[in-house]
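Topology and contacts: notes
As a plain string of letters, each chain reads:
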Amino acid sequence: IEIGTVTPKPQEGNPKKRLFRLPDDKGVINRMGFNNKGVAHAVERLKSNKGRVLIGGNIGKNKITPNDRAVDDYLVCFEALFDEVDYFVVNVSSPNTPNLRDLQEKGPLTELLNTLQNRNNTKDNPKPILLKIAPDLTQGQLDDIIEIITETKIAGVIATNTTLSREGLNHPNKLETGGLSGKPLTQRSTEVIRYLHHKSKAAFPIIGVGGIHSPQDALDKLAAGATLVQLYTGFIYEGPGLIRNINRAILAGK
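For the structure given in this document, a descriptive report is provided here. Counting starts from 1 at the beginning of each chain's written sequence and moves along it residue by residue. Totals for whole chains, interfaces and linings use all residues, but because this is a predicted model, local features are given only for residues with pLDDT of at least 70 and pairs of side-chain atoms are given and counted only at 80 or more. Based on all heavy atoms of the structure, the side-chain values leave hydrogens and waters out of the count.

Quick look at the pattern of salt bridges
Salt bridges, as used here, are contacts in which a Lys or Arg side-chain nitrogen is within 4 Å of a carboxyl oxygen on Asp or Glu. Within the structure shown, the criterion is met by 11 salt bridges. Note that D143 is salt-bridged to K199, the shortest N-O span being 3.1 Å. You can see D143 sitting in helix α4 (residues 139-152) and its partner K199 sitting in helix α5 (residues 186-199), a full 56 residues away along the chain. Partly exposed describes any residue whose relative accessible area lies between the buried limit of under 20% and the exposed limit of over 50%, with all areas from a 1.4 Å probe on protein chains only and scaled to the type maximum. A relative accessible area of 45% means that K199 is categorised as partly exposed. A salt bridge links K183 to D217; the nearest nitrogen and oxygen atoms lie 2.8 Å apart. A residue pair is termed long-range when its members are at least 10 positions apart, and K183 in the loop between β8 (179-182) and α5 and D217 in helix α6 (residues 215-224) qualify at 34 residues. For the purposes of this entry, the term helix denotes a DSSP run of H or I that reaches at least four residues, the term strand denotes a run of E that reaches at least two, and both are numbered from the N terminus.

Remarks on the sheet that holds strand β2 (residues 19-22)
Here the rule is simple: two strands pair whenever DSSP picks up at least two bridges between them. Ordered by their spatial adjacency, 3 strands build an open sheet running β2-β3-β8, and the pairing between neighbours is antiparallel. Of all the strands in the sheet, the pair left with one neighbour each is β2 and β8. Each adjacent strand pair in this sheet contributes to an overall mean axis angle of 25°, direction not counted. The angle between two axes is taken between their N-to-C directions and runs from 0 to 180 degrees, where each axis is a line fitted to C-alpha atoms and a helix contributes only its stretch in contact.

Considering the nonpolar core
Ranked by internal contacts, the top residues of the largest apolar core, which has 46 residues, are Y74, L81, V90, L131, I133 and L196. Put simply, the parts of the chain that give this core at least two residues each are α1 (39-46), α2 (70-81), β5 (87-91), α3 (106-120), β6 (129-133), α4, β7 (156-159) and α5. It is α2 that contributes the most residues to this core, 7 residues altogether. In contact with L81, not counting residues within four places along its chain, are V39, A42, V43, L46, I59 and F88. Nonpolar core, defined: a set of buried Ala, Val, Leu, Ile, Met, Phe, Trp, Tyr and Cys residues in which side-chain atoms within 4.5 Å join the residues together. Two residues form a contact once any of their heavy atoms are found within 4.5 Å.

Things to note about α1
Those residues of α1 lying buried are V39, A42, V43 and L46. Seen from one end, α1 has its buried residues packed into an arc of 100°, which puts them on one side. Across from the buried face of α1, at angles greater than 90 degrees, the exposed residues are A40, E44 and R45. Our arc is simply the arc of the directions from the helix axis toward the C-beta atoms.

Printed below as a string of structure tokens:
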């Protein structure tokens, strides 16, 4: 289970209404804005886990924190959650926090990941750090991502977050602002996975996410180069049985 995005201080998120289903398209648009009760509250909740479930901590910056101080926010969350989670996700790709995606540019992103990884390496038991990227990156930006991961030696990538694209949508809610997830994202997220996997020569693990609504969608992600897959919107539309059916399809393929 991946929790978050968690920020250092509590924040309300964007004004409601901020979550919209597009049933005609099997999609969801959200502009939540990292609504959460802050990292200290998350830590208290996680202490009851007792190690029965693997937990990922998805970390971000507060909306009021300027980008030139974003590293500080990520470090606060990293330190606070370190003993309670099994891996970290660095979220710089949400479209719902102003200017957050600017942190995906090569300079700021390299600095952020180097800082986190250097801190990670001071620990007795370093945790995997994964970078969550947007599906809207250009080929050149994806090439930069590969270089950055090679340089910073983080554990891998989560591909992908929600998209700003509205191509091919039919439901009236397509006019809402925010990030689009679900079935409309299936093809693009798989393309990003395939590109990263082949261009990097499988140099790092990729967690595939985006529009997985069937066992075949999951198998396609794995065939494209994903090591693991995540469900969000597909879990809403298809229900928990989707996980069982995906696992059965993977086992049948072996």
